[in-house]
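Breakdown of the fold
Next come the chains, spelled out residue by residue.
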Amino acid sequence: MSIELSEQEQFRRESLNELRNMGIDPYPAAEYPTNAFSTEIKASFKDDEEPKRQVVIAGRIMSRRIMGKASFVELQDSEGRIQVYITRDDINTEEQPEMYNTIFKKHTDIGDFIGIKGYVFRTQMGEISVHATEFTILSKSLKPLPIVKHKDGVTYDAFEDPEQRYRQRYVDLVVNDGVKETFIKRTKVYESMRNFFNEQGYIEVETPVLQPIPGGASARPFITHHNALNIPLYLRIANELYLKRLIVGGFEGVYEFSKNFRNEGMDRTHNPEFTVMEIYVAYKDYNWMMDFTEKMVEKACFDVNGSYEVKVGEKLINFKAPYKRVTMIDSIKEFTGFDISGMNENELREVCKKLNIEIDDTMGKGKLIDEIFGEKCEGNYIQPTFIIDYPIEMSPLCKRHRTNPELTERFELMVNGKELANAYSELNDPIDQLERFQEQLKLSEKGDDEAMFIDLDFVRSLEYGMPPTSGMGIGMDRLVMLLTGKEAIQEVLFFPQMRPEKVIKNDPIEKYTEIGVPIEWVPVLQKAGFTTIKSLQGINPNKLHQDICGINKKNKLELKNPTKEEVQSWVNAL
RNA sequence: GACUUCGUAGCUCAGUCGGUAGAGCAAAUGACUCUUAAUCAUUGGGUCGAGGGUUCGAUCCCCUCCGGGGUCACCA
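My aim in this report is to walk through the structure given alongside it, one point at a time.

Conventions we followed
- Residues numbered from 1 in each chain as written.
- Chains lettered and ligands numbered in written order.
- Predicted model: local features only at pLDDT ≥ 70, side-chain atom pairs only at ≥ 80, totals over all residues.
- Heavy atoms only, no water.
- Pairing = 2+ DSSP bridges.
- Helix = DSSP H or I, 4+ residues; strand = E, 2+ residues; numbered from the N terminus.
- Contact = heavy atoms within 4.5 Å.
- Axes fitted to C-alpha atoms, helices over the stretch in contact; angles between N-to-C directions.
- Near = heavy atom within 4 Å.
- Polar contact = N/O pair within 3.5 Å; in protein donor to acceptor, adjacent residues only side chain to side chain.
- Nonpolar A, V, L, I, M, F, W, Y, C, P; charged D, E, K, R; others polar.
- 1 Å grid on protein atoms, 1.4 Å probe; cavity = no way out; pocket = protein on both sides within 12 Å on 5 of 7 lines; lining within 4 Å.
- Points joined across faces, edges and corners; volume = space filled by probe spheres on them.
- Disulfide = S-S within 2.5 Å.
- Buried < 20%, exposed > 50% of the residue type's maximum accessible area, 1.4 Å probe, protein only.
- Arc of directions from axis to C-beta.
- Salt bridge = Lys/Arg side-chain N within 4 Å of Asp/Glu carboxyl O.
- Parallel < 35°, antiparallel > 145°, perpendicular 65-115°, else oblique.
- Left-handed = near helix turned anticlockwise from the far one by under 90°.

The eight strands are arranged β8-β12-β13-β20-β19-β18-β17-β16 in an open sheet whose pairing can be described as mixed. Edge positions in the sheet fall to β8 (203–204) and β16 (324–327), since each of these pairs with one other strand and no more. Of the pairings in the sheet, the one linking strand β19 (residues 418–425) to strand β20 (residues 469–475) comprises five bridges and is antiparallel in character. Looking at β20, one finds that alanine 421 is bridged to isoleucine 474. Running over the sheet, helix α8 (residues 240–248) touches β12 (253–261), β13 (273–282), β19 and β20 and is turned about 25° from β13.

Have a look at this one:
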């Protein structure tokens, strides 16, 4: 028995052995065919039903209330919880007369998976329950779960430490109500959008995650290396350029839920890997795409929540289409009083100064406008709003505006003060596209480390001709956050990126035996904190002797204590 | 990356103006065949995140490190 384990873990391991000794396999292989789920049993129960409904259910024990020869157990299955009533006389069998007293009462714990065959009834206290007639251990749990209790809608001892919840999401899912619900909603958002696209004949595609040129956005990429090709490869920051190649190739509409990777900061709205859905449709423009986008978002909201309103923090957001459309120039005019239309770079710098916006010399016209908007306007759009017609410098992949060459046909959908979606009438003029890339490159030489590489193959594809196309990208994590009312991206990702846990590296047992430590004393030394033999160097042998004899006694290991001379010899052997 | 704050039993948290720690739940033992945060009795459980310093003495004070949260920077 390892002394590394907590007392409770040791008890559970003892139970595990006891079960085996009694001929019970704590991890049986056989299928356990169930025919009911907790919630459905409760929903369809009728008090006057005779004979009583027989069910077979399985799940995890979440609480036990033992009263001598009878007990109540709360069983949690994938749908929810139901109470099970277990009595000695009902579950004991001739082959297993200790099923209740020993196997259930002594060797079954909170967290164990069990199977119950029985009939549905209502207890005197009024709770619909399953009266067990057969009890089966399906899987023994060796680590105690956090104990969360509920009464009258109040939660006690909630398991809410974010670190533990995100690192051990499986525990979070088991003990915290609503976590599973959030992720089911996430899946429903995807399903809703897929249906929406598929109904119109657009097809879901897959494009490379490993890219020789990280294009389609301005962001710092992750770099890796391909050995056989001996070249650097980048994890994608966007899939835009690949999807447009497919429109060149003749698809009417393509979309992809794209896992993107950006080597930037992490906080409650940014994870290094995140998901963006991008869709491109031929022969459309950004006006069409705005209608399409608001219908898509509205539908997703309704499919997930059954209503168009979601509470996010203190704000109530209404996703019912149509959404307001405001040009970027008008927005800046509205929130700053400055009309920036037609301004040159120096004039824009002046405006920034007057507005107390921090700027530096590397910023071009586009970046300056972006700063003003981001600083003064963006946060004001709580209800879904399209911001349209961005300055050309900010949008190298976007078509010039049909009436104003300074602007582009671009919109962003702002919700809750943040950008949610981004879309263009796609630039399909290959010569213009190449020039814009070159512009960006100049910016990058100026010091803007996010400006793009030039993807010449993409330009070549445009040279073959791309139909007029509109494309849109929407941040799925943010969309799910909005639709579930969560304010941290970590709440909508099963496994958000975390700094790796530090593992204490123990020296292997041989290292200890090499210096003469008997094998049974190795765990004792490690328990005493000497996880490497190097840490024994220069230790006072008397103190070490006392320490380890103390651990031996305290943990009732019943080892024969070594002599002081033996302990001395270990230390000397170093 | 910067600043700030936290890290005590399996879980949720007290606490020590510096003298090696407590509660509730969970666990163990016992009582109890309709309980539900079950109840009652008894008991055990902690290198007080890690390392160093100051001190007769550190979980507490100081420094460094590790991990988390928050704010900012960067971005979606």
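In the vicinity of RNA strand B there are 53 residues, among which Asp89, Gln124, His270, Arg478 and Arg499 approach most closely. Among atoms of RNA strand B positioned within 4 Å of the protein, sugar and phosphate together represent 59%. Measuring from a base nitrogen of RNA strand B, one finds a side-chain N or O atom of glutamine 8 at 2.9 Å. Where the surface near RNA strand B is concerned, the elements lending two or more residues are α1 (7–21), β1 (54–67), β2 (70–76), β3 (81–87), β6 (149–151) and α5 (162–167). Looking at the surface near RNA strand B element by element, the count peaks at four residues for α5. The residue makeup of the surface near RNA strand B, split by class, is 18 nonpolar, 14 polar and 21 charged.

Take a probe with the size of a water molecule and roll it over the atoms, and the empty space left behind shows itself. Enumeration according to the criterion identifies one cavity of 30 Å³ or more in this entry. Here the largest cavity defines a volume of roughly 60 Å³. Taken together, Ile41, Ser44, Phe45, Lys46, Glu49, Lys52, Arg53 and Val120 make up the lining of the largest cavity. Considering only residue class, the lining of the largest cavity consists of three nonpolar, one polar and four charged.

Here the focus is the pairing of strand β15 (residues 315–318). A regular strand places its side chains so that they alternate between the two faces of the sheet. In the sheet, strand β14 (residues 309–312) pairs with β15 via four bridges, with the strands oriented antiparallel. Looking across to β15, one finds that valine 310 is bridged to isoleucine 317. Hairpin connection from β14 to β15: two residues lie between these consecutive antiparallel strands, with glycine 313 at a positive phi of about 60°.

In this structure the tally under the stated criterion is zero disulfides. Of the cysteine sulfurs around cysteine 352, a residue in no disulfide, the closest is that of cysteine 377, at 11 Å. Looking at the unpaired cysteine 398, the closest cysteine sulfur is the one in cysteine 377, lying at 19 Å. For cysteine 398, a relative accessible area of 0% puts it in the buried group.

Once that is clear, we can look at helix α10 (residues 328–336). Within the sequence span of α10, burial applies to Met328, Ile329, Ser331, Ile332 and Thr336. Buried positions in α10, seen along its axis, are confined to an arc of 160° and lie on one side of it. Looking at the buried positions of α10, the neighbouring elements they touch are β16, α12 (365–376) and β17 (385–388). Glycine 337 occupies a position one or two residues after α10 and carries a positive phi of about 85°.

One can find glutamate 412 in strand β18 (residues 410–415). With residues near it in sequence (within four places) discarded, glutamate 412 still touches Thr385, Phe386, Ile387, Tyr390, Glu419, Ala421 and Asn422.

Glancing now at the pattern of salt bridges. Going through the model one piece at a time under the given rule, you end up with 37 salt bridges. Where arginine 245 meets aspartate 457, a salt bridge forms, and the shortest distance between an N and an O atom there is 2.8 Å. Of this pair, arginine 245 sits in helix α8 while aspartate 457 sits in helix α14 (residues 456–464), and the two are 212 residues apart along the sequence. Look at aspartate 457 and you get partly exposed, because its relative accessible area is 32%.

What follows covers the packing of helix α11 (residues 345–354) against α12. Packed helix pairs are specified by the crossing angle of their axes together with the interaxial distance, meaning the distance between the axes. Orientation of α11 relative to α12, taken along the N-to-C sense of each, is 25°, at an axis distance of 10 Å. When the axis of α11 is compared with that of α12, the two are roughly parallel. Along this stretch, α11 crosses α12, giving a crossing that reads as left-handed. Facing α11, whose interface residues are Glu345, Leu348, Arg349, Val351 and Cys352, α12 presents Lys365, Leu368, Ile369 and Ile372. Its residues placed into classes, the contact of α11 with α12 shows six nonpolar, no polar and three charged.

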